[in-house]
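Letter by letter, the chains look like this.
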Amino acid sequence: SFAFKGLDVEVVRACRMISLVRQFDVIMLREILTKALPADFGDYGRNEFGGLLSRLRSTQLVLWDDRRKGYALDPTLRHILGEYIRRDNPELYVQVNLYAIEVYRDWIMRAGDNRGIYIVEELYQQACANTVLAKTSPKKKVDLTLLLKQRIEEHQQTDFDLRASALDRLHHELESDSDLTQLIGSDGLSQLLGIVRYGRVGSRVS
């Protein structure tokens, strides 16, 4: 309540939803808000979402994340709101994570140098969703190791040096991701890193 003091209702509602992603732009903002809160944002046009992003930036609750090349809610507030939504409305929590995954999958298809970042963000959002699905719908839980293998196979560079470089960047992104480690544990992270290292060795063999 203190953090949101003086902010209009739309900005507050937007903050609550984007607390479930670690980085966003106007596209991510539009996709999440129109699907999660259609009554509030379903009729918003593209320019209106641009204006909403400007309003969010002016709150000082939203920062630029240079590592992920996107805007992000203040980390402390993001964790508090995210945990509240997960406990209070687990169905919405899962759904918003899945909306974010849809956006990341599109970005992964289009991306060049930033593909590794988006793959890690997809893994993170799925890991978040898995925390609820493991209890409510175990069959819908996604195996992160299989997901990572699929992404690596789908987007292998034909040039072996470029492939090895891309896998090195992906390995670094995973290894330094404390949020993901907290969700899946050090053993879970080690399994993901092992998949990337195997792909790296495969590049050399090829």
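It should be noted that the structure appears before, not after, this text.
Rules used in this analysis
- Residues numbered from 1 in each chain as written.
- Predicted model: local features only at pLDDT ≥ 70, side-chain atom pairs only at ≥ 80, totals over all residues.
- Heavy atoms only, no water.
- Phe/Tyr/Trp six-rings, centres within 6.5 Å; stacked < 30°, edge-to-face > 60°.
- Helix = DSSP H or I, 4+ residues; strand = E, 2+ residues; numbered from the N terminus.
- Buried < 20%, exposed > 50% of the residue type's maximum accessible area, 1.4 Å probe, protein only.
- Lys NZ or Arg CZ within 6 Å of the ring centre and 35° of its normal.
- Salt bridge = Lys/Arg side-chain N within 4 Å of Asp/Glu carboxyl O.

Observations concerning the packing of aromatic side chains
The description of an aromatic ring pair rests on the distance of the ring centres and on the angle between the ring planes.
Here's step 1: Evaluated as defined, the whole model comprises eight aromatic pairs.
Here's step 2: Taken together, a centroid distance of 5.2 Å and an interplanar angle of 50° make the contact between W107 and Y118 tilted. In this pair, W107 sits in helix α6 (residues 90-110) while Y118 sits in helix α7 (residues 115-136), placing the two residues eleven residues apart along the sequence. Each member of the pair W107 and Y118 is classed as buried.
Here's step 3: Through successive ring pairs, a cluster of aromatic residues spans F24, W64 and Y71.
Here's step 4: Directly above the aromatic system of Y124 lies the positively charged group of R22, at a separation of 4.0 Å from the ring centroid.

Notes on the pattern of salt bridges
Here's step 1: Enumeration according to the criterion identifies 20 salt bridges in this entry.
Here's step 2: A salt bridge links R55 to D8, with the shortest nitrogen-to-oxygen separation between them at 3.1 Å. Taken as a pair, R55 in helix α4 (residues 46-57) and D8 in the segment before α1 (9-18) lie far apart in primary sequence, 47 residues in all.
Here's step 3: Under the relative-accessibility criterion, D8 is labelled partly exposed at 34%.

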